[in-house]
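These are the residues of each chain, in order.
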Amino acid sequence: MSNINLSLRTKRVHTVVALATVFALAIIAALGSAPSASAATSDAQFKDVPLDAKFYTEIAWLADQQVTTGYSDGGFHPSQSVTREAFAAFLYRLAGKPSVSLPSRSPFKDVSKSDQFYKEIVWLSKEGISTGYSNGTFKPGDKITREAIAAFLYRFNGTPSFKAPSKSPFKDMKTSSKFYKEVTWLAKSGMTTGYSDGTFRPKINVSREAIAAFLYRGDTILDRDGTYKVGSDIKAGTYTAVTAGDKWGFDYCTYQRRSTSGTEFDGILGIDGVTHGRIIVTILPTDKYFKISGCSGLTSLRKISPDATSMGDGMHAVGYHMKAGTYEAPGAKGSDLCYWSKTSAFTAEYRTIIDNEAIEGKPARVKVSAGQGFESYQCGTWKRVGN
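### Focus: the overall build of the protein
A tally of regular secondary structure across the protein gives nine helices and 15 strands. In the protein, buried positions account for 47% of the 387 residues. Total accessible area on the protein is roughly 18,400 Å²; 51% of this is exposed by carbon and sulfur atoms.

Given below as structure tokens:
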């Protein structure tokens, strides 16, 4: 199936889609119409988080990091308050689900070994992210507050060296407040700006969408479109992002590895993008500039869930996002093409393509190995069917 001619016609199908999006936007402007709200909602990952939702990007990123899969009803429940045990689970998954040696006795007298998040709470305790309360409890079912979030995130990030300001940036917090240092660190790091009235509101509960925003901001390297100088603005390395949806449903995420800062095509070293799902890019030390557009903030590639056995549109690192093995997908609907490719790297260069295929009107099947990259477009959900 490996076919370089096919790659020339289909590997950059996303670039064609990007150009088509530009023309579509022009047509919409001329006709004064746009996709319906229901169409925009149907492209969203969760049924209660449409593409124009305030925290769509942050929630999509949280799902991409496999910190959450949402609820069985297909929703994310963005306004629901988060409990202390649920936040322990969020941080544990964000850390990559590290192995935990479980003690024979619970570190907290109100957390039993049979509890749903026992492992995650033990990990939180072992890492020093939470020591619980002075009476030996953790209070797992209590709603977590904004000041507690600040303390947990400060410790989760390794208790970085930080000198709290002599004057409080929030009018409802004193320099003598219990978590003053942690809260001001949270503000200094850009994870929160507080409220428009100048308050932080340390004692109020935190919603699931607000948790997504906190974690997203704390893990983001670049959070805006633009052209960046490699080495100073951004370091060489492998990064991930997700499409940043909009209310029209045109959520196209693209990047360019460049030798110049201009817009000339001859400066492009590699170009790729996705219309839905995850993007992965490797910036090389020899690259001079990096341009990104329509994406969420970049985060460093890290092992998330190597035991996962399904994947959707976008890019995937085998052994990082899912297990190696044989996968099948239902294929594209109607006359659309299902396109997939295996790559040896994420530099968007033709020579890195190991195998690819464009399929019309039938299911797709592919075997992927650890260390390979995999990209899919319009194929539906891939499910592992064997080794």
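### Brief notes about the nonpolar core
One finds Phe87, Leu91, Leu153 and Leu215 to be the most contacted residues of the largest nonpolar core, which totals 58 residues. Counting residues per element, the ones that place at least two in this core are helix H4 (56-64), helix H5 (84-94), helix H6 (118-126), helix H7 (146-156), helix H8 (180-188) and helix H9 (208-219). With eight residues, the top contributor of residues to this core is H5. Leu215 has contacts with Trp61, Leu62, Phe87, Phe90, Leu91, Leu94 and Leu153, leaving out every residue within four places of it along the chain. The next biggest cluster of nonpolar side chains, apart from the first, holds 21 residues, and it includes Leu222, Tyr228, Ala241 and Met315.

### Some details on the packing of aromatic side chains
Tallying each qualifying case throughout the model produces 11 aromatic pairs. Pairing Trp340 with Phe374 gives two aromatic rings, centres 6.2 Å apart and planes at 25°, and the pair type is stacked. Of this pair, Trp340 sits in strand E11 (residues 337-343) while Phe374 sits in strand E14 (residues 373-377), and the two are 34 residues apart along the sequence. Its relative accessible area of 0% is what places Trp340 among the buried residues. Here the basic side chain of Arg84 rests over the ring of Phe138, its NZ or CZ set 4.5 Å away from the ring centre. Over the ring of Phe76 we find Arg208; its NZ or CZ atom is 4.4 Å from the centre of that ring.

### Focus: the sheet that holds strand E8 (residues 310-311)
Pairing is antiparallel across the open sheet formed by four strands, whose spatial order is E8-E15-E10-E13. Where the open sheet ends on each side, the last strands, each with one partner, are E8 and strand E13 (364-368).

### Quick look at the state of the cysteines
This model, assessed by the stated rule, comprises two disulfides. The residue that forms a disulfide with Cys253 is Cys295, at a sulfur-sulfur distance of 1.9 Å. With the S-S bond torsion at 100°, the cross-link from Cys253 to Cys295 turns out right-handed. On the criterion of sequence distance, the pair formed by Cys253 in strand E3 (residues 253-258) and Cys295 in the loop between strand E6 (289-293) and strand E7 (299-300) is long-range, its members being 42 residues apart. The disulfide bridge from Cys338 ends at Cys379, spanning 2.0 Å between sulfur atoms. Disulfide Cys338-Cys379: torsion about the S-S bond near 95°, hence right-handed. Taken together, the positions of Cys338 in strand E11 and Cys379 in the loop between E14 and strand E15 (382-386) put the pair 41 residues apart, joining distant regions of the chain.

### Points about the sheet that holds strand E1 (residues 226-229)
Whether parallel or antiparallel, the strands of a sheet pair through hydrogen bonds between backbone atoms. Taken together, four strands build an open sheet; the order of strands is E1-E6-E3-E4 and the sheet is antiparallel. What marks the edges here is a single partner per strand, and that holds for E1 and strand E4 (268-274). Across the sheet, the mean angle separating the axes of adjacent strands is 15° when strand polarity is ignored.

### Quick notes on the pattern of salt bridges
According to the stated counting rule, one finds nine salt bridges in the structure shown. A salt bridge links Glu328 to Arg365; its shortest N-O distance comes to 2.2 Å. Taken together, the residues Glu328 in strand E10 (residues 325-329) and Arg365 in strand E13 connect sequence positions 37 residues apart. Classification of Arg365 by relative accessible area gives partly exposed; the value is 49%. One connected set of salt bridges, linked through shared partners, spans Arg257, Asp287, Glu349 and Arg351.

### Brief notes about the packing of H5 against H7
In the contact formed by H5 and H7, the axes pass within 12 Å of each other and the chain directions differ by 25°. When the interaxial angle is binned, H5 and H7 end up roughly parallel. Crossing angle aside, the handedness with which H5 passes H7 is right-handed. Packed against H5, whose contacting residues are Arg84, Phe87, Leu91 and Leu94, the element H7 presents Ile149, Phe152, Leu153 and Phe156 at the interface. Taken together, the residues of the contact of H5 with H7 sort by class into seven nonpolar, no polar and one charged.

Procedures and definitions
What you see as residue numbers is a count from 1 along each chain, following the sequence as written. Note on the predicted model: pLDDT of at least 70 is required for a residue's local features to be given, and 80 or more for side-chain atom pairs to be given and counted; whole-chain, interface and lining totals, by contrast, use all residues. Side-chain measures were taken over the full set of non-hydrogen atoms in the model, leaving aside hydrogen atoms and water. The numbering of helices and of strands both runs from the N terminus, where a helix is a DSSP run of H or I of at least 4 residues and a strand a run of E of at least 2. Relative accessible area decides the class of each residue, using a 1.4 Å probe on protein chains only: under 20% of the type maximum gives buried, over 50% gives exposed, and in between gives partly exposed. Surface accessibility follows the Shrake-Rupley procedure with a 1.4 Å probe radius. Residue values consider only the protein chains on display as shielding. By nonpolar core we mean a set of buried residues, namely Ala, Val, Leu, Ile, Met, Phe, Trp, Tyr and Cys, connected to one another through side-chain atoms within 4.5 Å. Here, residues are in contact when the closest pair of their heavy atoms is within 4.5 Å. Aromatic rings from Phe, Tyr and Trp, taking only the six-membered ring of Trp, are treated as a pair when their centres fall within 6.5 Å; an angle between ring planes under 30 degrees marks them as stacked, one over 60 as edge-to-face, and anything in between as tilted. A ring is scored as having a charge over it whenever the NZ atom of a lysine or the CZ atom of an arginine sits within 6 Å of its centre and within 35 degrees of its normal. A strand pair is defined by DSSP finding two or more bridges across the two strands. Cysteine sulfurs are considered disulfide-paired once they come within 2.5 Å of each other. Between the N-to-C directions of two axes lies an angle of 0 to 180 degrees, each axis being a line fitted to C-alpha atoms and, for a helix, fitted only over the stretch in contact. Here, a salt bridge means any Lys or Arg side-chain nitrogen found within 4 Å of an Asp or Glu carboxyl oxygen. An angle counts as roughly parallel when it lies under 35 degrees, as roughly antiparallel when it exceeds 145, as roughly perpendicular when it falls between 65 and 115, and as oblique in every other case. The crossing is said to be left-handed when, going from far helix to near helix, the turn is anticlockwise and less than a right angle, and right-handed when the turn is clockwise. Residues are grouped as follows: nonpolar covers Ala, Val, Leu, Ile, Met, Phe, Trp, Tyr, Cys and Pro; charged covers Asp, Glu, Lys and Arg; every other residue, Gly included, is treated as polar.

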